[in-house]
Amino acid sequence: MQNNSWFHGVRRGGLFTRFTAWCSLSLYLFVFYTPAAYAIADKWQANQHGGGQTVFALLDTRLREAYVLSEHLRQAPTENHRKQLLRALTLVQDLSSPLQALELTETEQQQWQQASTSLQRYAARLHHAAVDEWSGIAAMLRNTLAPWQSQKAHHAFDNNMPFGPEDRVVRAPASDANALLQAIQPVEPAKPAPAKAVSGKASAGNGQSQNSAPLNVVTAKAGSDTNVTQMASSASTQAPQNTDLLATIDAPLTPAILAKAAELNHDPAKIFNFVYNEVRFVPSYGSIQGADYTLQSLRGNSFDTSSLLIALLRASNIPARYRYGTIWLKPEVVQNWVGGVQTIEAAQNLLSQGGIPNTRMLGTDGEFIKLEHVWVEAYGVFNTLPVNDGSAQWLALDASLKQYQYASGLNLQESVPLDGERIANEIKARATVNDSEGWVQNLDGAYLQTELSQYREQIETFLNQQHPEATVAEVIGGQRLIKRESNQLDRYPSYQRIDTSVAFSALPDSLRHQFKYELLSTSGNVLFSFVQSTPELAGKSLSLSFRPASAADEQTLINVLPPNPQTVEDLPKRLPANLIQLKAEFSVQGQMQLSHGNHGLGKELITRKGYWNPRSGWQLTDNPVIAGEYQAIGLDLQGLAASQLNTLKTELEQTKAKLEAQDLNGLSKHQLTGAILQTGVQGYLALTRVQSELSAQVSNMVYYRQPSYGTFSTSMSVDYWFGNPRYVNFDGVLMDIDRVASNTESKINCYDAWKDFNQANGAMLSAFEHLVPEQLFSTPQQKAEGVSAVKAIAIANAQGQRIYTIDQNNLETALSQITLDIDTENDIRAAVESGKQVTTHQNPITYHGWTGAGYIITDTESGAGAYKISGGADGGVLAYTGLAAGLSSIVLGVAALFTVMTPLEGMLVFAALSLLFVAGVLFLSAAIALDKGDRDLANNLCETAKNLVWAALGLIVSAMSVKFGALKQVIFGVGASSIAAVADAFLDSCLPPKT
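Numbers given for residues are sequential positions, taken from 1 along each chain in its written order. For this predicted model, a pLDDT threshold of at least 70 governs which residues receive local features, and a threshold of 80 or more governs which side-chain atom pairs are given and counted, while totals over whole chains, interfaces and linings are taken from all residues. Side-chain metrics rest on all non-hydrogen atoms present in the structure, leaving aside hydrogens and water.

Going by what an unreviewed UniProt entry lists, the protein chain is known as Transglutaminase superfamily protein and is assigned to Permianibacter aggregans.

Next up, the structure:
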């Protein structure tokens, strides 16, 4: 251990550690340095009073006395020893003239020189011995205190970038049958068993209506366009199986599917036209959401689109199956298909980020893109074929491969110029910039906000004066499907070539995404494990909650609550930890799937969750959770459907009616606490997708949401006493978005534009982590205040703190100058050492009851980022002190501990929560309206203009040159918060005034 580690620990440690360290250091100084001063002071007094001892003799005597005294102090310090030390210090302080003023003989001066040298050497030996001793003691102290938990565990940096594009690395597409079979039959995830807890452990899942059917391989030789015909004719000789009419996980025959098939008169041509014309293509790989949710959202990849087509055909008693193979397409077809990009490289990037195996090929007729793809085969006598011989046959149908028309929109940068270079130069001139140490100070956020406000006003004025009747598509550009109007079915898909393919009635498990949620002890033991395919979970609300483990525990909880509380202030803001035992419950749609107990109130556990995908397997994140918290889990597979938000809105309205009637009978924690938290997390996912798509449109980018997830939960803190929980505090709510994945690309394949968009979009995602909770919990009388990573940095900047951009060049310098908590600094070090870049502030901030730091970890290659706050959460926190009276998380937190609200029926305080449900209903209404407005290209110029402000961040930063160094990075954090302030009207204007 290095000698300076003790002093480093003193500066970095908590209050208790600092107090112990400084006491120890003071004792060390008293023991080893004061005796020498005491001896010299005594000689001074002796000379002053005519004493006859020589300096050497006096120093030698006092030095020995000092050593003995130090030994006494180390072994058993007495009050007398303390008095001697105090006297020595007093004497030292009273010295008024230098030692050389003593009248010494030449011999005494020589003796003094020798004594001085000897004293210095002796003191040096004592110093090093003491440093070694106290370093060892400090290490023992740290090791002793380490198991004694003092706060909620920090979610350490794990090298994941939650906000950003997926990897662009994919395997090459298979060229023959053996390679294709090997590619789609990898080592599969364990097939989930029915939900059942055994000995504290469990896994969950629903059985499918039909297991994966055997793969029937049909191979076509590589060649010219005629191979498509060869493929179809060879496939037509196979008779359909019974499985070609059954419901599957991916193609279930739900009431919505049956109703839509009937609405289309069970006509295969009408069914095909509906799926082709209405479902927007998303370039991703594997079965993600299935037929039913694809019908709800009207967006999906080739797997989901094929599943919807198959389900509708089977609902019409038409045998149908999947065909999966390797096809060749012309580059211009793919470029149009994936988003209207202008280069073949951009098209491949979008395919690769989506996980679709692809490569470029050079054939005799030019260049092609070769990729793996899935389409549909239907069996029957089709009178709608151009040529029909009256015999039943397999017909190839591809409803996902389609073409679009793209409107470029208005050139706002030309019509309403935004001089990003001027803004950047002005910001730099107003700020203090130290490129060598990597920090900026006093970045003028008010100036940036003013510029953005003026820019928004200029856009609105321009649109209102020059284009008053323009649609959203005409303003920002848009995509319009070239619809299929024919009542006849095409005989063959428009592929250039098919290398090989396989047919199956049900998709194999290896091509289906799955979601896992596990609860673990802090030692890593799995307490329960839930695994289910994403098509089965699409559109459903998931939650982790806790309830009293027994009736006695529930009664104990009721007993500590005051009788008939009238306001939130009547409720306790803290409860004794371990007061009751709790049972953990994992629920889907409010129905418990798994449970595990017993856990004392306040006990810390670990959640592990994430997706399995066919390209890269499991991608999981770990987060701490406190027994007693309610955690709403939101899944966004490829964009939330308006119908899902409408369902949640209806549930909110029903609960609101019960609250207003003060009828809590039968009201569950999922309907009360869960509904509000689900509104937050699902609203966040819905709003940010639309916002990202709008920003991409005005930035000449393409954006698609990929499977994402996050949580919105009640937040508890625990007071510990030597590692044992003492009290549980209801702190507020926490938005923790673990992953917002996407595939993004510049339409002209500009690397810098792509990276800047990803980084600006990440800043927007972070800002919404405080904006959404603020919208939900604010009232006309009191605005709730939340904190996210970008907001924390903006607050620190407003306080005049240095904002650091840290990389491997200035890591040690920056860490020596910032004073954040040790866990945050460890995260920063780990991130930078792994090649990432970190933006953070110099000192902790305190904001509306929350104290901590915000820090942004950025992948400089892609612009992807982790936007963290103290504790390691990828999200935003809303502290209790920022919540309005009557809407406090205390009520939500207390209510979350009860399975049903019947024991609390006398608590009139719940009636006040009806206001919170009003906010939730309005918030979901805004999200639904925005989603419909985006899809239907409604005339909403005012909102469009406000949304354009978000894109301004990317335009400003793109206009900066590399010479601005740290400034360019910091503006993403501070600038996003400024834009959030300007575009807060984006949410407010969607919501009627709250009453």
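So that's the structure; there's more coming.
Peer 1: What's the story with the overall build of the protein chain in this structure? I'm lost.
Peer 2: Helix numbering and strand numbering both begin at the N terminus, where a helix is a DSSP run of H or I of at least 4 residues and a strand a DSSP run of E of at least 2. A tally of regular secondary structure across the protein chain gives 31 helices and 35 strands. For every residue, the accessible area obtained with a 1.4 Å probe (protein chains only) is divided by the maximum for its type, and the residue is called buried under 20%, exposed over 50%, and partly exposed between those limits. By residue count, 58% of the 995 residues in the protein chain fall in the buried class. Residues are treated as being in contact if the distance between any of their heavy atoms lies within 4.5 Å. For the protein chain, long-range pairs separated by at least 24 residues make up 77% of all intrachain contacts whose partners lie at least 6 apart in sequence. Accessible surface computed for the protein chain: about 38700 Å², of which carbon and sulfur atoms make up 51%. Per-residue accessibility takes into account occlusion by the displayed protein chains alone, with areas from the Shrake-Rupley method and a 1.4 Å probe.

Peer 1: What should I look at first to understand the nonpolar core in this one?
Peer 2: Residues Phe515, Phe586 and Tyr684 are the most contacted members of the largest nonpolar core, which totals 89 residues. Residues within four places of Phe586 in sequence aside, it is in contact with Tyr517, Phe528, Phe530, Leu542, Ser543, Gln591, Met592, Gln593, Leu594 and Ile633. Counting 66 residues, the second largest nonpolar core, distinct from the first, contains Ala251, Ala261, Trp337 and Val374. In this text, buried Ala, Val, Leu, Ile, Met, Phe, Trp, Tyr and Cys residues form a nonpolar core when linked through side-chain atoms within 4.5 Å.

Peer 1: Just checking my understanding: could you explain the sheet that holds strand β22 (residues 604–613) for this structure?
Peer 2: Strand pairing in a sheet relies on backbone hydrogen bonds. The paired strands run either parallel or antiparallel. By definition, two strands form a pair when at least two bridges between them are found by DSSP. Across the sheet, four strands lie side by side as β17-β16-β22-β23; this open sheet has antiparallel pairing. Each of the sheet's edge strands pairs with one partner strand only, and the pair in question is β17 (526–533) and β23 (617–626). Averaged over all neighbouring strand pairs, the angle between strand axes comes to 15°, with direction disregarded. Where strand β16 (residues 514–520) meets β22, seven bridges bridge the pair, whose relative direction is antiparallel. Paired with Leu520 across the strands is Ile606, a residue of β22. Simply put, an axis is a line fit to the C-alpha atoms, just over the touching stretch for a helix, and the angle between two N-to-C directions goes from 0 to 180 degrees.

Peer 1: Would you explain the side chain of Thr688 in this entry?
Peer 2: Inspection of the secondary structure puts Thr688 in helix α22 (residues 669–698). According to the relative accessible area criterion, Thr688 is buried, its value standing at 0%. At a separation of 3.3 Å, a polar atom in the side chain of Thr688 contacts the main-chain carbonyl oxygen of Leu685. Pairs of N or O atoms within 3.5 Å make up the polar contacts considered here, provided that, within protein, one atom can donate a hydrogen while the other can accept it, and that residues adjacent in sequence are counted only when both atoms are side-chain atoms. Side chain to side chain, Thr688 and Arg705 meet in a polar contact 3.2 Å long. Each residue touching Thr688, except ones within four places of it in the same chain, is listed here: Arg705, Met764, Leu765 and Phe768.

Peer 1: Where do I start with the pairing of β22 in this structure?
Peer 2: Looking down a regular strand, the side chains alternate between one sheet face and the other. Where burial is concerned, most of β22 is hidden: nine out of the ten residues are buried. As judged from the ten bridges shared by β22 and β23, these two strands associate in the antiparallel manner. Looking at the pairing, Ile606 lines up with Pro624 of β23. Where β22 folds back onto β23 in an antiparallel hairpin, the turn is made up of three residues.

Peer 1: Hey, could you run me through the packing of aromatic side chains in this one?
Peer 2: In this description, a pair of aromatic rings is defined by centroid distance and the angle of the planes. Ring pairs are drawn from Phe, Tyr and Trp, using the six-membered ring of Trp, whenever the two centres fall within 6.5 Å, and their geometry is named by plane angle: stacked under 30 degrees, edge-to-face over 60, tilted for the rest. This structure, assessed with the given rule, holds 17 aromatic pairs. Taking 5.1 Å as the distance between ring centres and 65° as the angle between the ring planes, the aromatic pair formed by Trp375 and Tyr495 counts as edge-to-face. Residue Trp375 is found in strand β9 (residues 366–380), and its partner Tyr495 is found in the loop between β14 (478–481) and β15 (497–504); the two are separated by 120 residues along the sequence. Exposure remark for Trp375: the relative accessible area of 1% places this residue in the buried category. Of the aromatic side chains, those joined through ring pairs into one cluster are Tyr285, Phe303 and Tyr324. The aromatic ring of Tyr276 is capped on one face by Lys402, whose charged end is 5.2 Å from the ring centroid. Two limits define a charge over a ring: the Lys NZ or Arg CZ must be within 6 Å of the ring centre, and within 35 degrees of the ring normal. When the ring centre of Trp618 is taken as origin, the NZ or CZ atom of Lys516, which lies over that ring, is 4.4 Å away.

Peer 1: Would you take a moment to explain helix α16 (residues 420–430) for this structure?
Peer 2: Residues three or four positions apart in an α-helix share a direction because the helix packs 3.6 residues into each turn. Of all the residues in α16, the buried ones are Gly420, Ile423, Ala424 and Ile427. Take α16 and look down its axis: the buried residues cluster within an arc of 100°, on one side only. Note that the arc is computed from the directions linking the helix axis to the C-beta atoms.

Peer 1: Can you help me understand the pairing of strand β10 (residues 393–397) in this one?
Peer 2: Within β10, five of the five residues are buried, leaving the element largely enclosed by the surrounding structure. Covered by surrounding structure in β10 are Gln393, Leu395 and Leu397 together with Trp394 and Ala396, the residues of both alternating faces. Two strands pair when backbone bridges link them, and β9 and β10 are joined in this way by five bridges, in the antiparallel orientation. Looking across to β10, one finds that Gly380 is bridged to Gln393.

Peer 1: Would you take a moment to explain the packing of helix α9 (residues 255–263) against helix α11 (residues 290–297) for this structure?
Peer 2: A pair of packed helices can be characterised by two numbers: the angle between their axes and the separation between those axes. Interaxial distance between α9 and α11 falls to 9 Å at its minimum, and their mutual angle equals 65°. For the pair α9 and α11, the crossing hand works out as left-handed. Residues Ala256, Ile257 and Lys260 of α9 form the contact with α11, whose own contacting residues are Ala291, Asp292 and Leu295. Residue classes follow a fixed rule: Ala, Val, Leu, Ile, Met, Phe, Trp, Tyr, Cys and Pro count as nonpolar, while Asp, Glu, Lys and Arg count as charged, and any other residue, Gly among them, counts as polar. Residues belonging to the contact of α9 with α11 are distributed by class as follows: four nonpolar, no polar and two charged. Two helices crossing with the near one rotated counterclockwise from the far one by less than a right angle form a left-handed crossing, whereas a clockwise rotation gives a right-handed crossing.

Peer 1: Quick question: what am I supposed to make of the pattern of salt bridges here?
Peer 2: Salt bridges are defined as contacts in which a side-chain nitrogen from Lys or Arg sits within 4 Å of a carboxyl oxygen from Asp or Glu. For the structure shown, the criterion picks out 25 salt bridges. Here Glu166 and Arg739 are joined by a salt bridge, their closest N and O atoms 3.4 Å apart. Of the two residues, Glu166 sits in the loop between β1 (163–165) and α7 (177–184) while Arg739 sits in strand β27 (residues 724–746), which places them 573 residues apart along the sequence. We note that Glu166, like Arg739, is buried. Residues Asp622 and Arg608 are paired through a salt bridge, measuring 2.8 Å at the closest nitrogen-oxygen approach.

Peer 1: Looking at this structure, I do not really get the confidence of the model for the protein chain. What am I missing?
Peer 2: Close reading of the predicted structure is inappropriate where its pLDDT is low. For the protein chain, mean pLDDT is 75; residues scoring 70 or higher make up 64% of the total. Confidence scores here are pLDDT values: one per residue, from the predictor, ranging 0 to 100. Here residues 882–887 is a poorly scored stretch, pLDDT under 50, and it has 23 contacts once near neighbours within four places are set aside; other chains count. Contacts for the low-pLDDT stretch residues 934–964, under 50 throughout, to residues beyond four places or in other chains number 102 contacts.

Peer 1: Looking at this structure, how should I read helix α12 (residues 302–315)?
Peer 2: Taking 1.5 Å per residue as the helical rise, α12 with its 14 residues ought to reach 20 Å, and the 20 Å between its terminal C-alpha atoms agrees with that figure. With 14 of 14 residues buried, α12 is to be regarded as a mostly interior element. A distance of 3.0 Å separates the backbone nitrogen of Phe303 from a side-chain oxygen at the start of α12, and that oxygen is part of Asn301. Of the residues flanking the end of α12, it is Asn317, one or two places downstream, whose phi is positive at about 65°. Take the number of residues in a helix, subtract one, and multiply by 1.5 Å to get its expected span.

Peer 1: Before we go on, may I ask you to explain the packing of helix α10 (residues 268–278) against α12 in this structure?
Peer 2: Where α10 contacts α12, the axes come no closer than 10 Å and their chain directions differ by 155°. As far as their axial angle goes, α12 and α10 are roughly antiparallel. Between α10 and α12 the crossing geometry is right-handed. Across the interface between the two elements, Pro268, Ile271, Phe272, Phe274 and Val275 from α10 touch Thr305, Leu308, Leu309, Leu312 and Leu313 from α12. Here the contact of α10 with α12 is composed, by residue class, of nine nonpolar, one polar and no charged. Under this scheme an angle from 65 to 115 degrees is roughly perpendicular, one under 35 degrees roughly parallel, and one over 145 degrees roughly antiparallel; angles in between are oblique.

Peer 1: What exactly am I supposed to notice about the environment of Val733 here?
Peer 2: As for its placement among the helices and strands, Val733 is situated in strand β27. Residue class for Val733 comes out buried when judged on its relative accessible area of 1%. Separated by 144 residues in the primary sequence, Val733 and Val877 have C-alpha atoms spaced 6.0 Å apart.

Peer 1: Please clarify how the side chain of His599 should be interpreted in this entry.
Peer 2: By secondary structure assignment, the location of His599 is in strand β21 (residues 591–600). Of note is the side chain of His599, whose polar atom sits 3.0 Å from the side chain of His596. Among all residues touching His599, those that are not within four sequence positions of it are Leu527, Ile580, Gln581, Leu582, Ala584, Leu605 and Ala627.

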